[in-house]
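Working through the structure, step by step
Next come the chains, spelled out residue by residue.
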Amino acid sequence: MAISVFDLFTVGIGPSSSHTVGPMRASHAFAAGLVNHGLLDRVAGLRVDLFGSLAATGHGHGTFTAVLLGLEGFDPETVLPSEVDAALARIEETGELRVGAELSDLQGAAPAVVKFGVADMVLRPLTVLETHTNGMRFAAVDAAGETLEEQTYYSVGGGFIVREGAEEKILDRLEQQLAEQPYPFTTGAELLVHAESSGLSIAGVMLANELITRDEVSVRSGLAHIWDVMEECKNSALTRTGVLPGGLNVRRRAPEWHRKLTEQDPHRDPVFWQEWVNLVALAVNEENASGGRVVTAPTNGAAGIIPAVLFYATHYAQIPELGTSRQPGLGGGAAAPRAVSLSPEQKQRVVVDFLLAAAAVGVLYKEQASISGAEVGCQGEVGSASSMAAAGLAQILGGTPQQVENAAEIAMEHNLGLTCDPIGGLVQIPCIERNAIAASKAINAAKMALMGDGAHHVTLDEVIITMRETGKDMSDKYKETARGGLAVNVIEC
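These notes cover the structure that comes with them. (Residues numbered from 1 in each chain as written. Predicted model: local features only at pLDDT ≥ 70, side-chain atom pairs only at ≥ 80, totals over all residues. Heavy atoms only, no water.)

1. Some remarks on the sheet that holds strand E7 (residues 147-157)
Our working definition: Here the rule is simple: two strands pair whenever DSSP picks up at least two bridges between them. In this text, helices come from DSSP runs of H or I with a minimum length of four residues, and strands from runs of E with a minimum of two, each type numbered from the N-terminal end. Fitted lines through C-alpha atoms give the axes, limited to the stretch in contact for helices. The angle between two N-to-C directions lies from 0 to 180 degrees. In what follows, residue pairs with any heavy atoms lying within 4.5 Å of each other are defined as contacts.
Judged by pairing direction, the sheet is mixed, and its five strands sit side by side in the order E5-E2-E6-E7-E8 without closing on themselves. Of all the strands in the sheet, just strand E5 (122-124) and strand E8 (160-163) have a single pairing partner and so form its edges. Between one strand and the next, the sheet's axes are offset by a mean angle of 20 degrees, whatever the strand orientation. Here three bridges tie strand E2 (residues 45-51) to E5, and the two strands are oriented parallel to one another. Paired with leucine 50 across the two strands is leucine 123, which belongs to E5. Across the sheet, helix H3 (residues 52-61) lies against E2, E5 and strand E6 (135-141), angled at about 100 degrees from E2, the strand it touches most. Running at roughly 140 degrees to E2, helix H4 (residues 63-72) makes contact with E2, E5 and E6 of the sheet.

Laid out in structure tokens, this is it:
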């Protein structure tokens, strides 16, 4: 299917793309359906059933409150944390939900005010619907208790949702878009063939496909906006102290780390590059864990990896194209990092190429496997993000398509089998530190690939298929259900 870079990088709120952003989008779509079908003025009650992983870990992942916000018409792309706090406080105080109130196309209808809250949701953690473990069913009833509308949705990872019964229509539309692309690909092998035959880079192939639905100015400005939100997310975290919400009392470390690093490294000495990368990953994921505004990249649980590696790319990378490399023959990969000073235009070029190449690899994970922790474990989230980041970095360091593919393969190969077992169902432990470790893996993978000529024994397609099969074999207790691993072996404080 035709997956856009803007499908893989979307703006939303934390702490989880599959458990917060996806459910908010689904409930928002259900509310919009009530409006479009002219049913809003007849709605007297609601029923919400959550299945599988959404029910098992929904409390720690903000699923339940996300559903409430979506039913009121809030969109994860545009809602601000302050609006979230105000709306949830009002709902808790009044016990009332204003269905559809935030939708711009109410067409003169008033929102349906019903008595409904988190306690009214029906949780079915041991029931997994056939299509996906992240299932949710919404129903609206009239004053007589008759069902007006009922829909089932699935949150399939990275904020993507699928409505039951609409799968064929969605696939038909995506297949049509795929047929229109100049360089359609669903495997790494196809991607490399297109790069070789066209003479384009991996980023160039992805850009050419994007131009089917958007002009180049829109693509570049859209990706610049994605980067701006990543930067805002990091900067917001650097000002917020105290502990993260949820009951684990995990202390926010980003502000103190930033203070120490600024004192130790006032002139951006390259010896500290890894500490800065760790800080960015930590900051973004602390913001995500607190429900802040983040970029799903490609999931919220892994949202800190690509911003952290992008920070490395824009502050330390020796980029041949921009004349900052000391060893152009190695794409800058063998040179020790040193602080670089890029103009805003140069930074934007770096960011755009990085995100396009990363997205091309992200497409392969969506096509051949999964980016859902509830489906394949954390290898599908942190592993995919690390692989995408490695590809992005190899791209802007001057890597050939084969080296970019190799970088992505190395990063995932060394994240295989990674379990999803957050303590208390919260995206805090081990998720925050895991992002920092995976960012460093991505940087190392890119450097290793650039030291070679692109030839390697294990292909990216083979490692993606291995990840998928590993996920199938993995016990469900290690796939975002809070029933295994650290989630049960560490006492919640």
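We are not done yet, so read on.
2. As for the pattern of salt bridges
For the record, the criterion: The rule for a salt bridge is simple: a side-chain nitrogen of Lys or Arg has to be within 4 Å of a carboxyl oxygen of Asp or Glu. When accessible area is computed with a 1.4 Å probe and restricted to protein chains, residues below 20% of their type maximum are described as buried, those above 50% as exposed, and intermediate ones as partly exposed.
Counted under the stated rule, the structure contains 15 salt bridges. Across the pair arginine 259 and glutamate 256 runs a salt bridge whose closest N-O atoms are separated by 2.4 Å. Of this pair, arginine 259 and glutamate 256 both sit in helix H10 (residues 254-264), three residues apart, which is roughly one turn of that helix. Relative accessible area serves as the criterion here: at 37%, arginine 259 is assigned to the partly exposed category. Its salt-bridge partner being aspartate 476, residue lysine 479 comes within 3.5 Å of it at the nearest N-O pair.

3. Digging into the nonpolar core
Test applied: Residues grouped as a nonpolar core are buried Ala, Val, Leu, Ile, Met, Phe, Trp, Tyr and Cys residues, joined through side-chain atoms within 4.5 Å.
Phe9, Ile306, Phe354, Leu355, Leu393 and Ile396 are the most contacted members of the largest nonpolar core, which has 114 residues in total. Ranked by the residues each element gives to this core, the list is headed by helix H13 (residues 344-368), at 14 residues. Formed by 31 residues, the second largest nonpolar core is a distinct cluster that contains Leu40, Ile91, Val114 and Phe138.

4. Considerations on the side chain of serine 387
Take serine 387: it is sitting in helix H15 (residues 382-396). Sequence-distant contacts of serine 387, defined by excluding residues within four places in its chain, comprise Val361, Tyr365, Ala408, Glu409, Ala411, Met412 and Leu460.

5. As for the packing of helix H16 (residues 401-413) against helix H18 (residues 460-473)
Keep this limit in mind: The cut-offs work like this: below 35 degrees is roughly parallel, past 145 is roughly antiparallel, 65 to 115 is roughly perpendicular, and the gaps in between are oblique. In this scheme, a crossing is called left-handed if the near helix is turned counterclockwise away from the far one by less than a right angle; it is called right-handed if the turn is clockwise. Residues are grouped as follows: Ala, Val, Leu, Ile, Met, Phe, Trp, Tyr, Cys and Pro are nonpolar; Asp, Glu, Lys and Arg are charged; every other residue, Gly included, is polar.
Running from N to C, H16 and H18 cross one another at 25 degrees; their axes reach a closest spacing of 9 Å. Judged by the angle between their axes, H16 and H18 are roughly parallel. Crossing hand, H16 versus H18: left-handed. Within the contact between the two elements, H16 uses Glu405, Ala408, Glu409, Met412 and Glu413 and H18 uses Leu460, Val463 and Met467. Residues that form the contact of H16 with H18 fall into these classes: five nonpolar, no polar and three charged.

6. Remarks on the packing of aromatic side chains
The following threshold applies: For Phe, Tyr and Trp, where Trp contributes only its six-membered ring, two rings pair if their centres lie within 6.5 Å, and the inter-plane angle classes them as stacked under 30 degrees, edge-to-face over 60, or tilted in between.
Evaluation of the coordinates by the stated rule reveals five aromatic pairs. Relative to phenylalanine 138, the ring of phenylalanine 30 lies with its centre 5.5 Å away and its plane at 25 degrees, an arrangement referred to as stacked. Of this pair, phenylalanine 30 sits in helix H2 (residues 17-36) while phenylalanine 138 sits in strand E6, and the two are 108 residues apart along the sequence. The burial state of phenylalanine 30 is the same as that of phenylalanine 138; both residues are buried. Judged by centre distance (5.1 Å) and plane angle (70 degrees), the rings of tryptophan 273 and tyrosine 312 are edge-to-face. On the criterion of sequence distance, the pair formed by tryptophan 273 in helix H11 (residues 273-289) and tyrosine 312 in helix H12 (residues 305-315) is long-range, its members being 39 residues apart. An identical accessibility class is assigned to tryptophan 273 and tyrosine 312; each is buried.

By themselves, these are just geometric observations and shouldn't be taken as functional.
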